[in-house]
Amino acid sequence: MAATGKGHENWSSRSAFILAAVGSAVGLGNMWRFPAEAGENGGGAFVLFYIFCVLLIGLPVLLSEVLIGRHGQANAQESVRKVARDSNASEGWGIIGSMGVFAAFLILSFYCVVGGWVVYYIGVFLGDLFQTGLSGGAFEGRDPEEIKGLMPGLFGNGGLMVGLNLGFLAITVFFVARGVSSGIEWVAVYLMPLFFLLFLAITIYGAFTGNFGEAVAYLFTFDFSKLTGEVMLAAVGQAFFSLSLGVAGMMTYGAYANRDTNLGETSGIIAGADTGVALLAGLAIFPIVFAAGLATNAGPGLMFESLPLAFQAMPLGSLIGLAFFTMVFFAALTSSVSLLEAPTAWMFEKFNLPRPVGTAIVGLGAAVLGVLSALSFNDMADFRPLAFIPIFAEANFFDALDGVTAKLFMPIGAILTCIFVGWIADAKLIDDENGLDGALHQIWRALVRYVCPIILAVILYFGLFG
Ligand code: PHE
C-alpha cells in the first residue's frame, strides 16, 4: 500500500489502476445485462445506439468522473466537494457524490443476487465434471430441455436464491474489508487477463458451431423504426451500467490513481475493453439463442439458459463450462467489489470508522435489500413496488431497483457531473487533470458542456414520458 500522506491508499502501479477500473467495468453488466437488454429491446437498434452512447456520452463522462476522484483523493462526495472548493463553487455539488454512493449501494444489493446465480452454475458444472468426467460435452445424455430448465428451477427456489445471494455478498465484503491494494487489486491484476483469453476462445468456438450469421444480423442490423425513447433510455442506461458510471464507482477508483496516470488515455482503455467484452458476449450468446430456439427477450435468465447448451455440445464441455463460470465469477467479483467500495469509502471516511466496520455496515444493508430482490423471482413475484410509474409498471422488486438505478440515477448523476465539470469547476484545474491535449481536449470539453447533458436530458424525457 502506498500512502499519499493523508492516510489514503493508492494503487501500487499505473497498470494496477487500469486493471482495477477495467475490472469494475467488466462484469455481469457485459455478460448478463447487455445481452438481456439487447434481446428485450429488439437487437440491432439497441446495440448500435449503445455503441453511440459509449463513444459520445460514456467516454466523456468516464473521464469526468475519474478526474474528479483523482483530484479529490477521497470518497466520491468528498472528492466532488474538494473540486468545488478549489473552484470557489458551492460544496452542495457534493450531492453528485452522495447520490451516486446511494445508487451504488442499491445496485450492489441486486448485483449480488445475479452473482449468486453464477455461483450456482459453478456448482452445477463442478458436479457434472465429477459425474461425467472429461469425456464429451457437459450433461452427457441429458435432454437439452432439462438444461434449459436449470434456471427456472433455481428461480423457483427462494431459499437457495437467498443463500447464494448472501454467499456472494459475503465474499465481496471479505475482499473490500481487506482494503484496496491487498484485496481488490489482487483479483484484478491476476484474474482479468485470464478471463479475456477464455472468453475469446469461447466466442470463437461459438462462431464456428452456433447460428453465427443470424446472431450478427440480429445484433447489427439497424432498424430506425425500433429506436423508441424507451429503447434509447435502455441503451444509455446500459452504457452507464456497463462503464460503472453515474454512481460514484469511477470517482471512487479515480481517487486511488497516482498523479502520473494519464486519465484521458486510461478512460479510452477502460471503455474499449468494456465494450469489446459486451460485444463478445453478444456474439457468444445469440448464436446459441437462435440455434436452440430460445426467446431473445427471455430477460435476466438469457445468458444462464443459453451458454450451458453450448457447453453441452462442446468437447470437454464440463471443464470449459466450469472454467467459464469461474471466470464470470471473478469478473463479477471485481465489479461488486467496486460497487461496495464506493459506499464503504464514503461510510468510513465520513464517520471515521475502521474500514472493516464501514464495510460490514454497508454489507448488512445490502443483504436486507438483496433478500427482497432474490425473492422477486419466487415468493414475492407479484410485488410491483413502482406500479404507479408507467415504464416500471410491470417491474418486480429486482427489476425496479435495476430500472431505477440505470434509467434514473445514472443518467441524472451523469447530467449533473457534466454540468459540474463542464461549467462549474475551474477550467484550469480540469485541464491539469484530464491528460488531453489540443483538439482532443476541445472535443471532450464540447461533449461534456453541451452534447452530453443535452442528449441525456432529451433521452431521459422521451424514455420516461415519450
Ligand atoms: N460495470 C459493472 C458491470 O458491468 C457494474 C457496476 C455498475 C459496477 C456501477 C460499479 C458501478 O458489471
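Residues numbered from 1 in each chain as written. Predicted model: local features only at pLDDT ≥ 70, side-chain atom pairs only at ≥ 80, totals over all residues. Heavy atoms only, no water.

**Student:** Can you help me understand empty space enclosed by the protein in this one?
**Tutor:** To locate leftover empty space, one rolls a probe as large as a water molecule over the atoms. According to the stated counting rule, one finds one cavity of 30 Å³ or more in the structure shown. Roughly 130 Å³ of volume is contained in the largest cavity. Ser24, Phe241, Ser244, Ser335 and Leu339 are the residues nearest the centre of the largest cavity, which is lined by 14 residues in total. Looking at the lining of the largest cavity, the elements with two or more residues in it are helix H1 (14–25), helix H5 (95–132), helix H11 (229–243) and helix H15 (317–350). Considering each element in turn, the lining of the largest cavity owes the most residues, three residues, to H15. (1 Å grid on protein atoms, 1.4 Å probe; cavity = no way out; pocket = protein on both sides within 12 Å on 5 of 7 lines; lining within 4 Å. Points joined across faces, edges and corners; volume = space filled by probe spheres on them. Helix = DSSP H or I, 4+ residues; strand = E, 2+ residues; numbered from the N terminus.)

**Student:** Please explain the nonpolar core as it appears in this structure.
**Tutor:** Across soluble globular proteins, nonpolar side chains have a tendency to be buried as a group. Trp117, Phe195, Met303, Phe304 and Phe325 are the most contacted members of the largest nonpolar core, which has 164 residues in total. Tallying contributions element by element places H5 first for this core, with 20 residues. Residue contacts for methionine 303: discarding those within four places in its chain leaves Met31, Trp32, Ile285, Pro308, Phe324, Phe325 and Val328. (Core = buried A, V, L, I, M, F, W, Y, C linked by side-chain atoms within 4.5 Å. Buried < 20%, exposed > 50% of the residue type's maximum accessible area, 1.4 Å probe, protein only. Contact = heavy atoms within 4.5 Å.)

**Student:** Any chance you could explain the side chain of glutamate 305 here in plain terms?
**Tutor:** Note on placement: glutamate 305 falls in helix H14 (residues 302–313). Among buried charged residues, glutamate 305 stands out as having no salt bridge; its nearest opposite-charge side chain is lysine 148, 8.2 Å away. Leaving out residues up to four positions away in the same chain, glutamate 305 has contacts with Lys148, Met151, Pro152 and Leu294. (Lys, Arg positive; Asp, Glu negative; His and termini not counted. Salt bridge = Lys/Arg side-chain N within 4 Å of Asp/Glu carboxyl O.)

**Student:** What is the right way to read the pattern of salt bridges from this model?
**Tutor:** A pair can form between side chains of opposite charge whenever their charged atoms are brought close. Counted by the stated rule, this structure contains twelve salt bridges. With its nearest N and O atoms 2.8 Å apart, the salt bridge here joins glutamate 433 to arginine 70. Of this pair, glutamate 433 sits in helix H18 (residues 427–434) while arginine 70 sits in helix H3 (residues 44–72), placing them 363 residues apart in sequence. Taken as a pair, glutamate 433 and arginine 70 share a single burial class, namely buried. Note that glutamate 145 is salt-bridged to lysine 148, the shortest N-O span being 3.1 Å. Taken together, the positions of glutamate 145 and lysine 148, both in helix H6 (residues 144–148) and three residues apart, correspond to about one turn of that helix. Residue class for glutamate 145 comes out exposed when judged on its relative accessible area of 51%. A cluster of three or more residues bridged by salt bridges with shared partners is formed by Glu78, Arg81, Arg85 and Glu91.

**Student:** Explanation requested: the confidence of the model for the protein in the structure shown.
**Tutor:** Reading fine detail from the predicted coordinates is not recommended where pLDDT is low. Per-residue pLDDT for the protein averages 91, and the proportion of residues at 70 or more is 96%. Confidence drops under pLDDT 50 across residues 1–7; counting only partners more than four residues distant or on other chains, this segment forms nine contacts. (pLDDT = per-residue confidence, 0-100.)

**Student:** Would you take a moment to explain the site of the ligand for this structure?
**Tutor:** If you check the shell around the ligand, you find 14 residues, and the closest are Ala25, Gly29, Tyr111, Phe241 and Ser244. Between the ligand and phenylalanine 241 there is a distance of 2.8 Å, counted from a nitrogen atom to a backbone nitrogen or oxygen. Compared with its free state, where it exposes 330 Å², the ligand has 100% of that area covered by protein. Judged by the proximity of its atoms to the pocket grid, the ligand belongs to the largest cavity. (Near = heavy atom within 4 Å. Polar contact = N/O pair within 3.5 Å; in protein donor to acceptor, adjacent residues only side chain to side chain. Areas by Shrake-Rupley, 256 points an atom, 1.4 Å probe, with all protein chains shown as cover. Sits in = over half its atoms within 2 Å of the grid points.)

**Student:** What should I look at first to understand the packing of aromatic side chains in this one?
**Tutor:** Each pair of aromatic rings is reported with the distance of its centres and the angle of its planes. With the rule as written, the count across this model stands at 40 aromatic pairs. Each ring, one from tryptophan 117 and one from phenylalanine 304, has its centre 5.5 Å from the other, and the planes form 85°; the classification is edge-to-face. One end of the pair, tryptophan 117, is in helix H5; the other, phenylalanine 304, is in helix H14, with 187 residues separating them in the sequence. It is arginine 33 that lies over the ring of phenylalanine 241; its NZ or CZ is 4.8 Å from the centre. (Phe/Tyr/Trp six-rings, centres within 6.5 Å; stacked < 30°, edge-to-face > 60°. Lys NZ or Arg CZ within 6 Å of the ring centre and 35° of its normal.)

**Student:** Can you walk me through the environment of isoleucine 269 in this structure?
**Tutor:** Assignment of secondary structure puts isoleucine 269 in helix H13 (residues 263–291). Judged by relative accessible area, which is 37%, isoleucine 269 ranks as partly exposed. Sequence-wise, isoleucine 269 and isoleucine 18 are 251 residues apart; in three dimensions their C-alpha atoms are separated by 7.8 Å.

**Student:** Please clarify how the layout of surface pockets should be interpreted in this entry.
**Tutor:** Of the volumes computed, that of the largest pocket is approximately 480 Å³. In terms of lining residues, the largest pocket is bounded by 21 residues, among which Glu37, Glu40, Asp399, Asp402 and Lys407 are the most central. The set of elements that each furnish at least two residues to the lining of the largest pocket consists of helix H2 (28–40), H11 and helix H17 (397–424). Tallied by class, residues from the lining of the largest pocket come to ten nonpolar, three polar and eight charged. Here the second largest pocket is characterised by a volume of approximately 240 Å³. Lining the second largest pocket are 13 residues, with Leu59, Pro60, Leu436, Leu440 and Trp444 positioned closest to its centre. Of all the secondary-structure elements, those providing two or more residues to the lining of the second largest pocket are H3, H13 and helix H19 (438–465). (Nonpolar A, V, L, I, M, F, W, Y, C, P; charged D, E, K, R; others polar.)

**Student:** When you look at H17 in this model, what are you seeing that I'm missing?
**Tutor:** Because the α-helix completes a turn every 3.6 residues, residues three or four places apart line up on one side. Along H17, the largest kink reaches about 30° and is centred on threonine 405. The buried fraction of H17 amounts to 21 of the 28 residues, a majority that puts the element mostly inside the structure. Of the residues flanking the start of H17, the one acting as N-cap is asparagine 396, its side-chain oxygen 3.2 Å from the backbone nitrogen of phenylalanine 398. (Bend = angle between axes of the 7 residues up to and from the residue.)

**Student:** Could you clarify how one ought to interpret helix H8 (residues 158–178) in this entry?
**Tutor:** Over its 21 residues, H8 runs 31 Å from end to end, which matches the ideal 30 Å to within 8%, given 1.5 Å per residue. Every buried residue of H8 is accounted for by Gly158, Met161, Val162, Leu164, Asn165, Phe168, Leu169, Thr172, Val173, Phe175 and Val176. (Expected span 1.5 Å × (residues − 1).)

**Student:** How should I be thinking about unusual backbone geometry in this particular structure?
**Tutor:** Note: most residues except glycine have negative phi, and most peptide bonds are trans. Of note in the backbone geometry, alanine 248 takes a positive phi value of approximately 75° without being a glycine. In this structure, alanine 248 sits in the loop between H11 and helix H12 (249–254). Positioned with a positive phi, asparagine 352 is a non-glycine residue whose angle comes to about 55°.

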